[in-house]
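# Coordinates in review
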Amino acid sequence: MATVNQNMFGASITQPPGGAQLMVLPLNLIAEIVSHVHDTGDLARLCRACRVLNYMALPQLYRSLTLTSYDKIRYRGEQPEGIGSASPFTMGLNAIITRSYATLVRSITLRGEWKEHELEEHARVGRVPDASMLLNIAARAAVDRMTNLESFHWELNTKMLDTVFTGLTQLPKLTSLTIRFPSSRHPQPTFVIPGMPHLRCLKITDIDPLCYPDDIATLLYKSRKLRELKLHWSPRMRDAHEPSVSLHDYFRKLIAGKQPLAVKKMAFQNLYAFHTEDFNFAFDPSTVEDVTFLTGVEASSLLNTFVESSWPTAPPHAKLRMKSVRMDTVSKRNAEFIGNFSALERLYFVNVTAESSDILNCPRPGGGLDSSALTPPISEHHLSGAPSGTTTNSPITSASPASQLNATANLRDIYLSHITTNHGATLRHLLLPSKWPLSTGMIARLVHSCPNLEQLALATEFSSMDSLGLLIPFLRKLKALRLLIPQSSGQSSNGPVGSALKQCISGRAPFDTIKMVQETFANAKTLTEVVDIDDSILTEMLSYDLGNQQVYGNVKIISMGWKAWELRDFYKAPIPSGINKESPFPTNGDNASPETTTDSPVPAQGINGVGLGAPDQPAVAYKSPDPQTTHISSWSNPPGIRPGALPPSTLGKRSRDDDSETPRQPPYYSENPNRREDCEDITALYPGCYPHTLTDDGFVWRRRVRRVGWEALQHWEVWALDSQEI
């Protein structure tokens, strides 16, 4: 802890004449408030405010450091960074070395681009550039001062030398280590990385045997407490079809000493190597619980088959305790692997690969595009007619589109069969590929077989959105739902709809604009068109559609495509005009008709699949299981159909669509021109657009819904783990 002035708390902390201040609060309450401040700039300003806040905020400011090096001078406006001194990167190292703050550091990350001058000349004579050597000396001096360091990340583009490795071995609390190898091929000295006995998490990235093949065998052999191992190889070898990786070299000391690693989490990315039998003796299969395999491509090409087929599909141990599997390729071999064991709790199929970025469903900053600029992503079906599992370099390009679709469907069915049969009872997290749009029957089987799902991400056919709305409520433990847009969905055709809906909300839209909005909902053919609608409209619809606490009380977050909403508390609101509790259907003069009702706990549907509604049929009113509430729909029966005349559904939960070609009744909207001009709530324009859960005290249940971004989604695995990161 930094030196504290003994008179720090001697000053009287009283309320000044100007009003209440922060410092009149008890010190433990101030410390609790400061602990929730995470922005580095805010913490630095707190440290400069007064001595008390400096004492409380300084440990949090230095607890986790990230120093980024740039190969060029950066400017903030017209002023260069570090003017009057050095770069922020070197000044950060200087602060750790020369001041008394080093003991406060628990985690440090050195990342970015380090400029090395005359690297080729130094490599030719067998020398390390002075800039690189001085960087390692400064890093070693900082490591020696950070006696409480627990996590060290070297993510610079230059090589970490033996002087830093030796310093890390002397840290008694170091439990996490990340090493990035450089990708240049200039000769540099190689080292045997020493063992670190307290290490629990090891991550090594950009491994390339032809660049800097530092020996990690000793590090793996002597790190007996290691529980997480993540190895990332350079994609160059897979792209060049160069099987230069020898797994035996990395694990040879473990195999020779017959001391397999007892890791719980194991992740391999861009691995392109032959499988050998002795590799099974490098790990204890009975302790592995979390496995990640990422290749960065849609599927292995035919040129890679000789390598990939050497890996077995059957687990090497009968007492396998695997709980989580994450992968980005689908193949029959992987499907067989999933089917050879049971009791998985988390299964993630990563949609983002090097060949397909899946921008339709990417909520990450900079990952998604505006819907107006979206184009259908290039899949394996568009690569010169290449079949699934081939690249443009493949000699086979004669497969027909129909055979490709059949192969994809068959592979999907194999996976779903293994998931529902082997893992359905225990599965809690499930992320399915966006190229697998599920039909109504598939969703029903999935929901029936996986009742314990807490986070679910899937793509569905737009015509099956009504069934999804009926089946999701049966997942009583569901907290996060992510609806993926299938890759076959193209650009939205709702160009002017966003501005038109904004005009409707402000009450300035003409009658024709309101009619246009209704036609847009009725004619939507893809989920992309629905997601492209203005945020305020979608938020309003979800607020009503998810207002049944008995059904959706556990759901915390929901997303459609690249948009996501956080679901908060329930509240009562006045019933929108046009809805009569005694006669629960929209009224428009004398043309009113009652609706069919049922005692099912399943909520009524929204418009065209929005809020899990029905895309091509009139919604039916439902009663809530709560005796104090009544869930009604705002759609009237089709003309000529009397209430209760529809036959019961085979699911027993709602009335089924009539087989006759009955025209669809448009949603109600008021024809009062004064209301159209003055209304600020779109539900007053056409209250027939939403299902309502009414109470017996004259109110309707709603839910507070807030549009959120990556800052909220990154805490949920079905979003956070959908990336090419280990």
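From a predicted model like this one, the values you see are computed outputs, not experimental measurements.

## Notes on helix H19 (residues 535-545)
Count 3.6 residues to each turn of an α-helix, and residues three or four apart come out pointing the same way. Across the 11 residues of H19, 9 count as buried, placing the element largely inside the fold. Regarding H19, the residues found buried are Ile537, Leu538, Thr539, Glu540, Met541, Leu542, Ser543, Tyr544 and Asp545.

## Here's the deal with the layout of surface pockets
Volume-wise, the second largest pocket comes out at about 1100 Å³. Elements represented by at least two residues in the lining of the second largest pocket include exactly helix H2 (40-47), helix H3 (51-63), strand E1 (64-69) and helix H4 (88-98). When residues in the lining of the second largest pocket are grouped by element, the largest group, 7 residues, is from H4.

## Focus on the packing of helix H6 (residues 130-145) against helix H7 (residues 162-169)
Two elements in contact, H6 and H7, have axes separated by 8 Å at closest approach and are oriented at 5 degrees. Classed by the angle they form, the pair H6 and H7 counts as roughly parallel. Contact residues: Asn136, Ala139, Arg140, Val143 and Asp144 in H6; Thr163, Val164, Thr166, Gly167 and Leu168 in H7. Per-class residue counts for the contact of H6 with H7 are 4 nonpolar, 4 polar and 2 charged.

## Quick word on H7
For H7, the complete set of buried residues consists of Val164, Phe165, Gly167 and Leu168. For H7, the buried positions fall inside an angular range of 160 degrees around the axis, keeping them on one side. In the core, the buried residues of H7 are packed alongside H6, strand E5 (151-156) and strand E6 (176-180).

## Focus on the pattern of salt bridges
In this structure the tally under the stated criterion is 21 salt bridges. A salt bridge links Arg76 to Glu81; the shortest N-O distance between them is 3.1 Å. In this structure, Arg252 and Asp215 form a salt bridge, with 2.6 Å as the shortest nitrogen-oxygen distance. Here Asp215 lies in the loop between strand E7 (201-207) and helix H8 (217-222) and Arg252 lies in helix H10 (residues 247-256), a separation of 37 residues in the sequence. Overall, the relative accessible area of 30% leaves Arg252 in the partly exposed class. Among the residues examined, Asp215 registers a relative accessible area of 18% and is labelled buried. Overlapping salt bridges bring together Glu345, Arg346, Arg428 and Glu454 as one network.

## A few points about the pairing of strand E18 (residues 563-574)
Inspection of the sheet shows strand E17 (residues 557-560) paired to E18 by 4 bridges, in the antiparallel sense. In the strand pairing of E18, Met560 is matched with Lys563. Taken together, the 9 bridges between E18 and strand E21 (residues 699-708) define a ladder with antiparallel strand orientation. Each residue of the ladder has a partner; that of Lys572, found in E21, is Trp701.

## What to know about empty space enclosed by the protein
One pass over the structure, following the stated rule, counts 6 cavities of 30 Å³ or more. Along the wall of the largest cavity there are 13 residues; nearest its centre are Asp328, Val350, Asn351, Pro433 and Lys435. Taken together, the residues that form the lining of the largest cavity break down as 5 nonpolar, 5 polar and 3 charged.

## As for the environment of Pro129
As for its position among the elements, Pro129 is in the loop between helix H5 (119-124) and H6. Accessibility expressed as a relative area gives 1% for Pro129, which makes it buried. In this structure, the C-alpha to C-alpha distance between Pro129 and His117, residues 12 residues apart in sequence, is 7.1 Å. The residues contacting Pro129, other than those within four sequence positions of it, are His117, Leu119, His122 and Gln188.

## Focus on the nonpolar core
Among the nonpolar cores identified, the biggest contains 132 residues, and Phe152 and Phe251 are the most heavily contacted of them. Formed by 15 residues, the second largest nonpolar core is a distinct cluster that contains Ala459, Leu484, Ala564 and Trp716.

## With respect to the packing of aromatic side chains
Counting across every chain of the model gives 14 aromatic pairs. Ring centres 4.8 Å apart and planes at 40 degrees place the aromatic pair Tyr62 and Tyr101 in the tilted group. Of this pair, Tyr62 sits in helix H3 while Tyr101 sits in the loop between H4 and strand E4 (107-112), and the two are 39 residues apart along the sequence. Between Phe279 and Trp311, the ring centres sit 5.5 Å apart and the planes meet at 80 degrees, which makes this aromatic pair edge-to-face. Residue Phe279 is located in the loop between strand E9 (265-269) and strand E10 (290-294), and its partner Trp311 is located in the loop between helix H11 (305-308) and strand E11 (324-327); the two are separated by 32 residues in the primary sequence.

## Some words on the environment of Arg321
Within the element layout of this structure, Arg321 appears in the loop between H11 and E11. Judged by relative accessible area, Arg321 falls into the exposed class, the value being 52%. Spatially, the C-alpha atoms of Arg321 and Thr287 are 6.7 Å apart, while their sequence positions differ by 34 residues. Look past the residues within four positions of Arg321 in its chain and what remains in contact with it is Pro285, Ser286, Val288 and Glu289.

## What to know about unusual backbone geometry
One non-glycine residue, Asp206, lies in positive phi territory at about 60 degrees. Of note, Asp206 is situated in strand E7. A positive phi angle, near 55 degrees, is found at His241, a position not held by glycine. Here His241 lies in the loop between helix H9 (236-239) and H10.

## A word on the pairing of E6
For E6, the buried fraction is high: 4 of the 5 residues fall into the buried class. Tracing the backbone out of E5, into H7 and back to the parallel element E6 gives a crossover that is right-handed. As paired strands, E6 and E7 are joined by 5 bridges and run parallel to one another. Among the inter-strand pairings, Leu177 is bridged to a residue of E7, identified as Leu202.

## Notes on the environment of Gly469
Topologically, Gly469 is positioned in helix H15 (residues 465-471). Residue classification places Gly469 among the buried residues on the basis of a relative accessible area of 1%. The sequence separation of Gly469 and Asp545 amounts to 76 residues, and the corresponding C-alpha distance is 10.0 Å.

## Observations regarding the packing of helix H1 (residues 27-34) against H3
Packing of H1 against H3 brings their axes to within 10 Å, and their N-to-C directions diverge by 40 degrees. In terms of orientation, H1 lies oblique with respect to H3. With respect to the hand of their crossing, H1 and H3 are arranged in right-handed fashion. Here Leu27, Ile30, Ala31 and Val34 of H1 come into contact with H3, specifically with Val52, Leu53, Met56, Ala57 and Gln60. In the contact of H1 with H3, the residues fall into 8 nonpolar, 1 polar and no charged.

Rules used throughout
Residues numbered from 1 in each chain as written. Predicted model: local features only at pLDDT ≥ 70, side-chain atom pairs only at ≥ 80, totals over all residues. Heavy atoms only, no water. Buried < 20%, exposed > 50% of the residue type's maximum accessible area, 1.4 Å probe, protein only. Helix = DSSP H or I, 4+ residues; strand = E, 2+ residues; numbered from the N terminus. 1 Å grid on protein atoms, 1.4 Å probe; cavity = no way out; pocket = protein on both sides within 12 Å on 5 of 7 lines; lining within 4 Å. Points joined across faces, edges and corners; volume = space filled by probe spheres on them. Axes fitted to C-alpha atoms, helices over the stretch in contact; angles between N-to-C directions. Parallel < 35°, antiparallel > 145°, perpendicular 65-115°, else oblique. Contact = heavy atoms within 4.5 Å. Nonpolar A, V, L, I, M, F, W, Y, C, P; charged D, E, K, R; others polar. Arc of directions from axis to C-beta. Salt bridge = Lys/Arg side-chain N within 4 Å of Asp/Glu carboxyl O. Pairing = 2+ DSSP bridges. Core = buried A, V, L, I, M, F, W, Y, C linked by side-chain atoms within 4.5 Å. Phe/Tyr/Trp six-rings, centres within 6.5 Å; stacked < 30°, edge-to-face > 60°. Right-handed = clockwise from strand over helix to strand, strands pointing away. Left-handed = near helix turned anticlockwise from the far one by under 90°.

The values are spatial; any link to function lies outside them.
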